[in-house]
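Tertiary structure, described
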Amino acid sequence: MDNFLLLSVLGVLVIYFYSSMNVYKSLYRKISEEKELVEEKNNNLEKLKEKFERQVKFSLETIDDSQESLKNSREDVQDLKLQNTELDHRNKLLQERINELYASVGTLQ
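What you see is a predicted model, and the numbers here were worked out from it, not measured in a lab.

Structural notes on the overall build of the protein
Along the protein, the regular secondary structure elements total one helix and zero strands. A globule of 109 residues ought to have a C-alpha radius of gyration of about 13 Å, yet the protein, at 46 Å, is considerably larger. With the principal axes as the frame, the protein shows a C-alpha extent of 155 × 15 × 10 Å. Taken over 109 residues, the protein has a buried fraction of 1%. Carbon together with sulfur atoms contributes 60% to the accessible area of the protein, which is approximately 10,800 Å² in total. Treating the 16 positive side-chain charges of the protein as one cloud and the 20 negative ones as another, the clouds have centres 4 Å apart.

Quick word on a negative patch on the surface
Together, E61, D64, D65, E68, E75, D76 and D79 make up a region of like negative charge exposed at the surface. Note that D64 resides in helix α1 (residues 2-108). A relative accessible area of 49% means that D64 is categorised as partly exposed.

Thresholds, definitions, all that
- Residues numbered from 1 in each chain as written.
- Predicted model: local features only at pLDDT ≥ 70, side-chain atom pairs only at ≥ 80, totals over all residues.
- Heavy atoms only, no water.
- Helix = DSSP H or I, 4+ residues; strand = E, 2+ residues; numbered from the N terminus.
- Rg over C-alpha atoms; globule rule 2.2 N^0.38 Å.
- Buried < 20%, exposed > 50% of the residue type's maximum accessible area, 1.4 Å probe, protein only.
- Areas by Shrake-Rupley, 256 points an atom, 1.4 Å probe, with all protein chains shown as cover.
- Lys, Arg positive; Asp, Glu negative; His and termini not counted.
- Charge placed at Lys NZ, Arg CZ, Asp CG, Glu CD.
- Patch = residues over 30% accessible without salt bridge, like charges linked within 9 Å, V, L, I, M, F, W, Y side chains within 5 Å.
- Salt bridge = Lys/Arg side-chain N within 4 Å of Asp/Glu carboxyl O.

Right, here's the structure in full:
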């Protein structure tokens, strides 16, 4: 009877061991699948991050180029304004000189 009781306890323990082993195997498989999915998502996110970093870098370079172009345009506009005021001043001087010449021609006749 002692042997039968010992064998039945051992049998129950073996059945429990195998059933829990199957549960642990299935849990291990599920965890491995989830780990692979998480790693794949992580890789995708890393690729997106690199893509966005390249886009930001390109955008910053474009902004720098635009700022440089704007700076050059401002300088050109300032130069043109200065030239325009100089030409206006010369035009006024020439107009005054013309008026003086007309006046002198009028006095000569």
